[in-house]
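# Structural overview
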Amino acid sequence: MKSGFVTVIGKPNAGKSTLINALVGEKVAIVSPKPQTTRNKILGILNIPDYQIVFVDTPGIHSSKNKLDEYMAKNISEAKKSVDLIIIVIDGSKRIRQEDVDFVKKYDNYNTNAILVISKIDDSSFDKLYPQLVPFNDLQFIKDIIPISALKNKNLDILLDKIKNYIPEGEPFFDEDVYTDKSVKFLVSELIREKMLWLLHDEIPHGVAIDIISFREKSNLVNISADIICEKQSHKQIIIGKNGSMIKNIGIKSREEIEKLLGKKVMLELFVKVREDWREDNGFVNSIMD
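Residues numbered from 1 in each chain as written. Predicted model: local features only at pLDDT ≥ 70, side-chain atom pairs only at ≥ 80, totals over all residues. Heavy atoms only, no water.

Along the backbone of the chain there are 9 helices and 9 strands. Here the chain holds 290 residues, and 50% of them are scored as buried. In the structure as shown, the chain presents an accessible area of about 14300 Å², 47% of it carried by carbon and sulfur atoms. (Helix = DSSP H or I, 4+ residues; strand = E, 2+ residues; numbered from the N terminus. Buried < 20%, exposed > 50% of the residue type's maximum accessible area, 1.4 Å probe, protein only. Areas by Shrake-Rupley, 256 points an atom, 1.4 Å probe, with all protein chains shown as cover.)

Here it is, written out as structure tokens:
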């Protein structure tokens, strides 16, 4: 039996969460087209014959501005430690620049083998992509460079075969029916936040948090009550929408996803509350993230 940890690192919106979801075969991390969608270190656990591979999804790397950002940076720092392999994800839908090369070079100091993944090559050709990859060829710690499309399942089998080469002998860390370390309540809160990221304006989602107030599960029904925490009264009005239209839409789309997750009917109640500067409140940030 082989088991090990693989950290997935990249800039915001590079496609890390989409990649992990595709490899694990379950939705362990939310996705959206907006940067900083992932806030937490999330484990996605792949159980296949003779292997347990634990993928660590990390927040996109950016400069810290508040307690929430510091929490995210701490998760990134911890995820780099004691892993068997680092996967560095670069967005292949954009032209690769020198800043991307410099970003990858930073990980030469961790004494860990790395695979460079060029994501989102859905509509790209190898002829267009290959010349952009030349600057990475001299990086000795980069053992493979693999272009992939997680959405189209392109080259994921090749990537997985390469990952297996770096997984050591060992007993599994989790039961074989477990695919994430996060609680159901955490996953539910993230699904609600995901819908807000898709539906709301750019300036609002990063200033919101989801606090699960109650979670009552019956044999065929789950009753969930959650507070949407925002920083300004004006944000509250936008989240609620005209005649409650936006909060209703968030609730409908969230409930559909939560029912897929739980396999049961869901009654979901959402309330919007203003809590100014919650991102500066270390205690509150820790309480909603764990």
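With that out of the way, let us pick up the packing of aromatic side chains. The full count for this structure, using the stated rule, is 2 aromatic pairs. One residue, K164, lies across the ring of Y51, its end atom 5.3 Å from the ring centre. For the cation-ring pair, K182 lies above F186, with the distance from its terminal atom to the ring centre recorded as 4.9 Å. (Phe/Tyr/Trp six-rings, centres within 6.5 Å; stacked < 30°, edge-to-face > 60°. Lys NZ or Arg CZ within 6 Å of the ring centre and 35° of its normal.)

This next bit is on the packing of helix α6 (residues 184-199) against helix α8 (residues 245-262). It is at 9 Å that the axes of α6 and α8 come closest, and there the two elements cross at 140°. Of the possible angle classes, the one that applies to α6 and α8 is oblique. The element α6 and its partner α8 pack so that their crossing is right-handed. Note on element contacts: α8 touches α6 through M246, N249, I250, K253, S254, E257, I258, L261 and L262, opposite V184, L187, V188, L191, I192, K195, M196 and L199. The residue inventory of the contact of α6 with α8, partitioned by class, reads 12 nonpolar, 2 polar and 3 charged. (Axes fitted to C-alpha atoms, helices over the stretch in contact; angles between N-to-C directions. Parallel < 35°, antiparallel > 145°, perpendicular 65-115°, else oblique. Left-handed = near helix turned anticlockwise from the far one by under 90°. Contact = heavy atoms within 4.5 Å. Nonpolar A, V, L, I, M, F, W, Y, C, P; charged D, E, K, R; others polar.)

A cluster of nonpolar side chains, contributed by F126, Y130 and V134, occupies part of the molecular surface with about 310 Å² of accessible area. With respect to the element layout, F126 can be found in helix α4 (residues 126-133). Judged by its relative accessible area of 52%, F126 falls in the exposed class. (Patch = residues over 30% accessible without salt bridge, like charges linked within 9 Å, V, L, I, M, F, W, Y side chains within 5 Å. Salt bridge = Lys/Arg side-chain N within 4 Å of Asp/Glu carboxyl O.)

Here we take up the confidence of the model for the chain. Of the residues in the chain, 88% reach a pLDDT of 70 or more, and the chain-wide mean stands at 86. A low-confidence stretch, residues 66-77 (pLDDT under 50), is modelled with 38 contacts involving residues beyond four sequence positions or located in other chains. (pLDDT = per-residue confidence, 0-100.)

Glancing now at the sheet that holds strand β1 (residues 2-10). Strand order in this open sheet of 6 strands is β2-β3-β1-β4-β5-β6, and the pairing throughout is mixed. This sheet does not close on itself; its edge strands, each paired only once, are β2 (42-48) and β6 (142-147). Neighbour to neighbour, the strand axes of the sheet diverge by 25° on average, direction disregarded. Pairing between strand β5 (residues 114-119) and β6: 5 bridges, direction parallel. Paired with I115 across the bridge in β6 is D144. Contacting β1, β4 (85-91), β5 and β6, helix α3 (residues 98-105) runs over the sheet at an angle of about 170° to β4. (Pairing = 2+ DSSP bridges.)

The next point concerns the pattern of salt bridges. Applying the stated criterion across every chain yields a total of 14 salt bridges. Here E99 makes a salt bridge to K11, at a shortest N to O gap of 3.5 Å. Within this pair, whereas E99 is found in helix α3, its partner K11 is found in the loop between β1 and α1 (16-24), the two being separated by 88 residues in sequence. Among the salt bridges present, the one from E257 reaches K195, with a minimum N-O distance of 3.8 Å.

To continue, consider the environment of N111. Within the secondary structure layout, N111 lies in the loop between α3 and β5. Taking the C-alpha atoms as reference points, N111 and F141, 30 residues apart in sequence, are found 8.0 Å from one another.

Right, let's get into the sheet that holds strand β7 (residues 209-217). Ordered in space as β7-β8-β9, the 3 strands form an open sheet in which the pairing is mixed. The open sheet is flanked by β7 and β9 (265-274), the only strands paired with a single partner. This sheet shows a mean twist of 15° between the axes of neighbouring strands, independent of strand direction. For strand β8 (residues 221-230) and β9, the ladder comprises 10 bridges, and the chain directions are parallel.

Within the secondary structure, E257 is located in helix α8. Setting aside anything within four residues of it in sequence, one finds E257 in contact with K27, L191 and K195.

Judged by nonpolar contacts, the single largest core of 29 residues is most densely connected at L19, I53, F55, I87 and I163. Elements with a minimum of two residues in this core: β1, α1, β2, β3 (51-57), β4, β5, α5 (156-164) and α6. If we ignore the near neighbours within four places in the chain, the residues touching L19 are I87, V89, V117, I148, A150, L156 and L159. Counting 27 residues, the second largest nonpolar core, distinct from the first, contains V208, I224, V266 and L268. (Core = buried A, V, L, I, M, F, W, Y, C linked by side-chain atoms within 4.5 Å.)

Let us now look at the pairing of β7. Note: β7 against β8, 8 bridges, orientation antiparallel. Paired with I212 across the bridge in β8 is A226. Count of turn residues in the β7/β8 antiparallel hairpin: 3 residues.

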